[in-house]
Each structure stands twice: as C-alpha cells, then as structure tokens.
Amino acid sequence: MAVKTLEIKPLSAGPTSAVDFGVEISKVNLENLSDEDFQTIRNALYNYHVVVLKDQNGLSPRAQYDLTKRFDPASDNYGHGKTLDAKRSVLHPDLKTIPHQPQVQVIGNGHYEEYEGLKNITLVHPHHKKFHKSAIPEEDDLAATRFFRWHVDAALYALNPPKVTSLMAVKVPAGRRQTVRYGDGTGDELDVPLGTTAFVSGQNMYDILSEEDKEFVRNAKVEYAPHPYIWMSPAKSRSDGLGMVSDGNELPLSDLPPINEKDIKILPMCWKNPVTGNLALQIHPSAIKAIHLPNGEIMTDLKDVRDLVHRLQRPAISPQFVYPHDWQEGDLVLFNNQGTLHTVVGAFTPEEKRLFRQCNMASSEGVMGPDGKLY
C-alpha cells in the first residue's frame, strides 16, 4: 500500500510582497496523526512560522487541543489562564470558552443558537473604534479598516507565553475585501480579505534592524505590566495597532487585582528559535511597562518606552512584510507564537457571520533568550 505523504508548498502573498514565511500542508489526517507526520508539521512550524493545514472541516475541538498540546506535552492550562474571567480585561468580550474543552475558545461574529455546548451566543468581531484613539470615518468603515492590536498570545503575568497557537476556520464570511489604513502619517495601506488574520515574522523584525539596534535588542529586556489586559483597559491604541497612546489613562496598580511581584514578567526582547537558533524580536507592544537597558538601568517613562519599542517594531509591519491570510472554511492555521506577531483585522456588518476556534496553552517552560537561558 502506498504511503500518503504530506504535500508542503510555500504560501503565496502576492507579487509585491516580501513575505518569506509560511507554508501550506494538505492531506493531513489530524484525528489520527502519526508521529512522523507530526514531526513534519513541527519542523515546518519552526522553520516557516505559519503553517496552514487545509481541508480540516469537521475537526473536533478535542483533536485541535491534542494537536496544539503535542508541541508542549507538559502544558495544559489555557494561555491566559482565568484572566478572561476578569470583566475589565480588554480580552473579555472577544472570546467564549467551549465547556467540554476549556483550552479552546470560540471567536467570531454573529448569533449562533448552539455551538459545541455553547447556547444562544452572540459573537462580536473586535472593532478598532473600541480600542483605538482615532477611528476611520463612519462612511468609510466597511471599505476600510485597521490592524486591531498586534500581539503575541500570552497572559504576560504569572504564565509563560504559549509556544504555538492553533486557529480553526469553521465559518468564513463571503469574499469582499477591505483596505487596511495605517493612519500613522505614512500613507501606508494594505488590501486584505474580509476578516483576515495578519501575521508578521519576528525573525524578519529582528533581521531588518540596524547592527546597533540588533545589539541593543539582544541585550535589553521588557518588563510587562501586572495584569496587563486590565491595566491597559482605559487606554487607547495607536492607529497602526502597534502599541498604546500615552495619555496617562492606564489603571493605577492599586486598582488592579492583587499583584504578586514574582509573577511580573521581565522577558528578553529577542527569543531564540528552538530548532533553527534564529532570533526573533518578540515584544507585545500594548502590554509593556518598562525597559531594562543593557547597562542595567531601567527606562520607566511610559511614553519613551513605547516610542522606543514602536521605532524598533514599525518597519516590520510595513505592507510588504505582512501576510494577511485569506481564510477558507476548514483551514487550521498553526503559528509559532514565540516567533510571530499577529492581529485581527476587519469591520463586519451584523449579518456577516464568522466562527473560529482558538487554542493555545501556557508554555511549560519560559521563552529562550539570545543567551540560551529560559526566562
């Protein structure tokens, strides 16, 4: 009997794109995945960062969880733990937990009478006008959109950043397109499919820095705010979705849930790929609170901290470096959460229905810094 081999091909991001990451794999049986095929997928993930597994319609939440956990067998808790329960968190409105598989969340847009044990739910696709300081004019809202919030999937307090996230497209709205406006004075725009998820490579983000900046980011660390998604909740984002505007609106630490100092995350700016050894500039720009400089000093002026990180990250979200995935129902996308940044995109009408499942688990170990140590 002939052995069915996995078919791997590079993702196509268009003729003007400089995207050099991402592959598509077809003919994968995820409900009964061999060790050999899993190793093929794992190697692809750490070499190409985004892996699109085609034609996974009908994949169970359990199989999605099992696959995601296979990248980190000692992990088990959802990547954000119970922080989604905090009503003040900026994440709270966007996700609903599958009762029988609590590591898997449901996101999307539209009303559903029942899905995987969730009854009578209304999903709302996050719209930039609720999070950004400025918004696209109402008359342009469906034709144009913004990057909502560039981020790494991570609690960034108490729990380690997940190694891998899986996103499953159950229902995808039909085919109109939108224009992402960066709105930052550059005039940058990007044509994207409705409801895309946009990805950039943290490795490219590092590689295109000057030699001076590379040396800086290899030796600097980022301190994240405690309970960052509650802390940032009254603040507003920059128009390119790459970090917050510094208007002094963050919650005072005294207004946050109890803080355990040992749970505050101070992580390297660069994380090392466990397979290739390449470095990625991996910073969640909205959650940063301070920078631990290579000379031992700590930069605490929040505007200066954010401006510095924005300067380092902004070149890598330029249109030619962004991969906006054109979702098809049945796509299961795995991405290297410790080597990419991503964002939701898009503005929907209430009638445009989108249903996705997301799964990630807090890593069983810290992220690897440029020095090979775990943090």
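As the structure is a prediction and not an experimental result, all values here were calculated from the model.

Here we come to the sheet that holds strand 20 (residues 340–344). One key point about sheets: their strands pair by backbone hydrogen bonds, in either a parallel or an antiparallel sense. Spatial ordering of the open sheet is given by 18-11-20, a layout of 3 strands whose pairing is antiparallel. Of all strands in the sheet, those bounded by a partner on one side alone are strand 18 (323–325) and strand 20. Going from strand to strand, the sheet's axes swing by 25° on average, the running direction of each strand aside. Sheet topology places strand 11 (residues 197–201) next to strand 18; 3 bridges connect them, and they run antiparallel. Bridging from a neighbouring strand, alanine 198 pairs with proline 324 of strand 18.

Take unusual backbone geometry next. For leucine 156, which is not glycine, the phi dihedral falls at a positive 60°. Mapped onto the secondary structure, leucine 156 falls in the loop between strand 7 (144–145) and strand 8 (164–171). In this model, alanine 158 sits at a positive phi of 75°, which is unusual for a non-glycine residue. Given a relative accessible area of 37%, alanine 158 falls into the partly exposed group.

The subject of this paragraph is the nonpolar core. Membership of the largest hydrophobic core comes to 73 residues, with the highest contact counts inside it found for Phe147, Trp150, Phe216, Val217, Met269, Leu281 and Ile291. When residues in this core are grouped by element, the largest group, 5 residues, is from helix 6 (residues 302–313). Look past the residues within four positions of phenylalanine 216 in its chain and what remains in contact with it is Met269, Ile291, Leu293, Pro294, Leu308 and Leu312. Within the second largest apolar cluster, 21 residues are counted, among which are Leu30, Ile41, Val51 and Leu67.

The rules behind these values
- Residues numbered from 1 in each chain as written.
- Predicted model: local features only at pLDDT ≥ 70, side-chain atom pairs only at ≥ 80, totals over all residues.
- Heavy atoms only, no water.
- Pairing = 2+ DSSP bridges.
- Helix = DSSP H or I, 4+ residues; strand = E, 2+ residues; numbered from the N terminus.
- Axes fitted to C-alpha atoms, helices over the stretch in contact; angles between N-to-C directions.
- Buried < 20%, exposed > 50% of the residue type's maximum accessible area, 1.4 Å probe, protein only.
- Core = buried A, V, L, I, M, F, W, Y, C linked by side-chain atoms within 4.5 Å.
- Contact = heavy atoms within 4.5 Å.

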